[in-house]
Amino acid sequence: SNGSYQPPLYTYLTIIPVFILGNTIFAAHFISALSGIVLILITFIFTYLAFDKFKYRYFFAVISILLMAISPWSVFFSRLVVEANLAVTIFVASLLFFVLSLKKTSLFIIACILLGISTHAYYSERLISIIFLPLFLWIFREKFIQKKKIILLGILLFFIIQIPHLFIINSGAFTRRFDQVSYVGDRTDISSANYYFLQIVNITKAFLNNYLIYYSPKYLFFDSDSEIGRAMPGLSVFYTWFLIPFIFGLKYLFQNLSNNINKLILLLLIISPIPAGLTGDIFYPLRTLDFLYVITFIISLGVYQIYLSIKSALKPISKCIDIGYVEPIYA
C-alpha cells in the first residue's frame, strides 16, 4: 500500500484460501484469523514445556492461552488483514524451538529456519531477529559451546533465508516502509560543523522517547485509541485489570532471573519494542505484537503467582475444615 512494498508471505499464503473459498472478504481475513488460533495453540505448548518445573504447569498453560485469547490486542488484530499477526505467530513458534534447543541442540536448526521465515512476514521481525539471534547465543553460550557445527548450520540457514532481502536491498523496497514512517534521516537546515552531532542527539532523544513510551501503563492498560486500525474502540491493548497481575508477573520475573526462560522473556521484553521506537508514531501497537505477546505472557505469570498466593493462604483454613475444627481467633 502507498508504495510500501508489503512483506510477501501473507499475500502468498492468502492464495490458498482465495483458491478454495473464492475472492471473498473471509478469504482475505483467513490467514490472520488462523494465525491467532495457531498462536494460542503454540502458547499452550510453549508454557507447558518451558515451565516444566511449575507444580501446576497444566493450569499455568491454560491461564496463558485464556489470557491470550481474550486480550484486546489479540482479538482485534486477528480480525484484521494484517501481516504482523502472521509474523508474531511464526516468531513465537521459533521461540518454542529455541527453548527446546536448550535441552536438544539439534532443534536450534528448526528455530533458526522459523526465525528467518518470520522476517518475510512483517518489517519488525527483520530487525528483532537480527538482534535476538546473537544475544540468545551469547546468553546461553555455555549450553551451545560443544555443538558448534549445529549452531553454524542454523545460523547459515537463517542467513540463506535472508537472501531474497538482499536482492531488493538496493531497489529501495527493503527499507521503503521504514523510510516512510521513521524520523531517522530527517534533515534540518543546519550548516554548522555540529550538524551530525545534533542529528545523533536528536535521533537518540526521539528513539528513547518513542521506545520507552511502550512501557507506559497509561498506553498499555488505560488509554483507548480512537484511530481505526490501532485498537478496539473504547479499549486499550489490555484490560485495565491486567495491570495488577502484570506487576506480580514482573516481580516474579526479576526475582527468578537465574531461570533460563525468564532470561529469554526479559531479553524479548527489552528488544521487541526497538523497531517501533525507530518510527515516528507514538505507541503504534501493530508494530509491537511481539512485545504485546511478551507482556501477555508476563501477565499470565502474575495470575499464576496470585493463584499460588491465594492457595497458600487458604491451605491452613482448608486443613481445619477437613478435621472439623477451626482454632479460635482469641482466647
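Model, not experiment: these values are computed from the prediction. (Residues numbered from 1 in each chain as written. Predicted model: local features only at pLDDT ≥ 70, side-chain atom pairs only at ≥ 80, totals over all residues. Heavy atoms only, no water.)

**Things to note about the packing of helix 1 (residues 9-21) against helix 2 (residues 25-50)**
At a closest axis distance of 8 Å, the pairing of helix 1 and helix 2 adopts a crossing angle of 130°. On the basis of the axis angle, helix 1 is oblique to helix 2. In this structure, helix 1 crosses over helix 2, and the sense of that crossing is right-handed. Between helix 1, through Tyr-10, Leu-13, Thr-14, Pro-17, Val-18 and Leu-21, and helix 2, the contact on the second element is made entirely by Phe-26, Ala-27, Ala-28, His-29, Phe-30, Ile-31 and Ser-32. Residue classes in the contact of helix 1 with helix 2 are distributed as 10 nonpolar, three polar and no charged. (Axes fitted to C-alpha atoms, helices over the stretch in contact; angles between N-to-C directions. Helix = DSSP H or I, 4+ residues; strand = E, 2+ residues; numbered from the N terminus. Parallel < 35°, antiparallel > 145°, perpendicular 65-115°, else oblique. Left-handed = near helix turned anticlockwise from the far one by under 90°. Contact = heavy atoms within 4.5 Å. Nonpolar A, V, L, I, M, F, W, Y, C, P; charged D, E, K, R; others polar.)

**Comments concerning helix 6 (residues 107-118)**
Owing to its 3.6 residues per turn, the α-helix aligns residues three or four sequence positions apart on the same side. With 12 residues, helix 6 ought to run about 16 Å at 1.5 Å a step, and its terminal C-alpha atoms sit 17 Å apart, in line with that. Most of helix 6 is tucked away: nine of the 12 residues are buried. Within helix 6, the full set of buried residues consists of Leu-107, Phe-108, Ile-109, Ala-111, Cys-112, Leu-114, Leu-115, Gly-116 and Ser-118. In the core, the buried residues of helix 6 are packed alongside helix 5 (83-101), helix 7 (123-139), helix 8 (141-144) and helix 9 (148-161). (Expected span 1.5 Å × (residues − 1). Buried < 20%, exposed > 50% of the residue type's maximum accessible area, 1.4 Å probe, protein only.)

**Description of the side chain of Ser-74**
Here Ser-74 is to be found in helix 4 (residues 72-78). Looking at Ser-74, its side chain comes within polar contact range of the main-chain oxygen of Met-68, at 3.0 Å. (Polar contact = N/O pair within 3.5 Å; in protein donor to acceptor, adjacent residues only side chain to side chain.)

**Some words on helix 15 (residues 260-271)**
When the terminal C-alpha atoms of helix 15 are compared, their 17 Å separation across 12 residues agrees well with the 16 Å that a helix rising 1.5 Å per residue should span. Ile-261, Asn-262, Leu-264, Ile-265, Leu-266, Leu-267, Leu-268, Leu-269 and Ile-271 are the residues of helix 15 that are buried. The backbone nitrogen of Ile-261 has a side-chain oxygen 2.8 Å away, supplied by the residue at the start of helix 15, namely Asn-259.

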